[in-house]
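A structural walkthrough
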Amino acid sequence: TVIVKQFTFTNFSEKQPEHKKNFSSSFLQWFIGFSEGNECFYAPIIGNRERLCFEIAQKDAKLIYKIRTTLGFGKVISFTRNNETYWKYCVKDKKGLERIMLLFNGNLVLPKKYAQFVKWITSGQYILPKDFILKMQCVEVSLKTGWLSGFIEAQGCFYASFKSNIENSIIRDFNQTLIITQKDTCGESVILKQISTL
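These notes cover the structure that comes with them. Remember, it's a predicted structure, so these values are computed and weren't measured experimentally. Sequence order as written defines residue numbering, which begins from 1 separately in each chain. With pLDDT at 70 or above as the cut-off, local features in this predicted model cover only qualifying residues; side-chain atom pairs require 80 or more to be listed or tallied, and sums for whole chains, interfaces and linings still use all residues. Hydrogens and water are ignored here; the side-chain numbers use all heavy atoms of the structure.

**Some remarks on the overall build of the protein**
Along its length, the protein carries seven helices and eight strands. Considered along the principal axes of its C-alpha atoms, the protein spans approximately 70 × 40 × 35 Å. Looking at the 198 residues of the protein, the share that counts as buried comes to 41%. Here a residue-residue contact requires only that any non-hydrogen atoms of the pair lie within 4.5 Å. Sequence-distant contacts, at least 24 apart, represent 63% of the contacts inside the protein between residues at least 6 apart. Of the roughly 11,900 Å² of accessible surface on the protein, 50% is carried by carbon and sulfur atoms. His residues and chain termini do not enter the charge count, which takes Lys and Arg as positive and Asp and Glu as negative. Positions of charges follow a simple convention, taking NZ of Lys, CZ of Arg, CG of Asp or CD of Glu. Of the side-chain charges in the protein, 27 are positive and 17 negative, and the distance between the mean point of each set is 5 Å. Only DSSP runs of H or I covering at least 4 residues are called helices, and only runs of E covering at least 2 are called strands; the numbering of each starts at the N terminus. Note on classification: 1.4 Å probe, protein chains only; a residue is buried when its accessible area is under 20% of the maximum for its type, exposed when over 50%, partly exposed between these limits. Only the protein chains shown count as covering a residue, and every accessible area follows the Shrake-Rupley method with a 1.4 Å probe.

Shown next, in the form of structure tokens:
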């Protein structure tokens, strides 16, 4: 794969729902980063056949509904896990999956997500958009796009700690930490180093 500097949404914009003529590039960049921080590309076997679906699950119902409203397609479903309610943005219909394919094609940053996307696309040959050509590229991490914000929202953990003098209870140190953890399966350590450099 080659590394490019910019996200491109031309093919996606041509297939957008009619009631969503205008779209925000920064939101789409954020959404891709947020999706890369989640497990999102699925191909479960239903009735002896793989069926493609795209899913993002979170506890934050408002966020999931905002994604659905902004994109203008897909469904929101609630489910319970360990006595807690989660919300899922889900795309399973052919037209919606075509839009997801066009949105993510050539616009992924993480090498492992690119590999998952390629496998997912291969499983979904039967519903590929007309004239679809898989782009063998990933996008460079940058502070000039919304990707990192979305990725941190999905994967980042923020911590703050105070250290005080025991004798007089005066706070001496205040430490803030952001942690992003990734398993280095396809070169994710390189991306984390790039984020650290930025």
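**Here we look at the packing of helix H4 (residues 94–104) against helix H5 (residues 111–123)**
Axis definition: a line fitted to C-alpha atoms, over the contacting stretch in the case of helices. Angles run 0 to 180 degrees between N-to-C directions. At a closest axis distance of 12 Å, the pairing of H4 and H5 adopts a crossing angle of 145°. In the packing of H4 onto H5, the handedness of the crossing is left-handed. Residue-level inspection shows Leu-97, Ile-100, Met-101 and Phe-104 of H4 in contact with H5, the latter providing Phe-117, Trp-120 and Ile-121. Residues are grouped as follows: Ala, Val, Leu, Ile, Met, Phe, Trp, Tyr, Cys and Pro are nonpolar; Asp, Glu, Lys and Arg are charged; all remaining types, including Gly, are polar. Residue classes in the contact of H4 with H5 are distributed as seven nonpolar, no polar and no charged. Note on convention: the crossing is left-handed when the near helix lies turned anticlockwise from the far helix by less than a right angle, right-handed when the turn is clockwise.

**Let's talk about the pattern of salt bridges**
Any carboxyl oxygen of Asp or Glu that lies within 4 Å of a side-chain nitrogen of Lys or Arg is treated as forming a salt bridge with it. One pass over the structure, following the stated rule, counts five salt bridges. The shortest N-O distance in the salt bridge between Lys-113 and Glu-39 comes to 3.9 Å. One end of the pair, Lys-113, is in helix H5; the other, Glu-39, is in the loop between helix H2 (25–36) and strand S2 (41–42), with 74 residues separating them in the sequence. When the shortest N-O distance is used, the salt bridge between Glu-55 and Lys-88 registers 3.8 Å. Here Lys-88 lies in strand S5 (residues 84–91) and Glu-55 lies in strand S3 (residues 53–58), a separation of 33 residues in the sequence. Lys-88 matches Glu-55 in its accessibility class, with the two residues each being buried.

**Comments concerning the sheet that holds S2**
Spatially, S2-S3-S5-S4 is the arrangement adopted by the four strands of the open sheet, whose pairing is antiparallel. For this open sheet the edge positions go to S2 and strand S4 (75–81), each flanked by a neighbour on one side alone. Where S4 lies against S5, seven bridges are found, and the strand directions are antiparallel. Pairing of Thr-80 across the sheet is with Thr-85, part of S5. Set on the sheet, H2 makes contact with S3 and S5; between it and S3 the angle comes to about 85°. Here, any two strands with at least 2 DSSP bridges between them count as paired.

**Observations regarding the pairing of S5**
Both S3 and S5 contribute to a ladder of five bridges, which runs antiparallel. Residue pairing in the sheet places Glu-55 in a bridge with Cys-90 of S5. Linking S4 to S5, which pair antiparallel, is a turn of two residues; within it Asn-82 sits at a positive phi near 50°.

**Some words on the pairing of S3**
Burial within S3 is extensive, with five of its six residues counted as buried. Both S2 and S3 contribute to a ladder of two bridges, which runs antiparallel. Paired with Phe-41 across the bridge in S3 is Phe-54.

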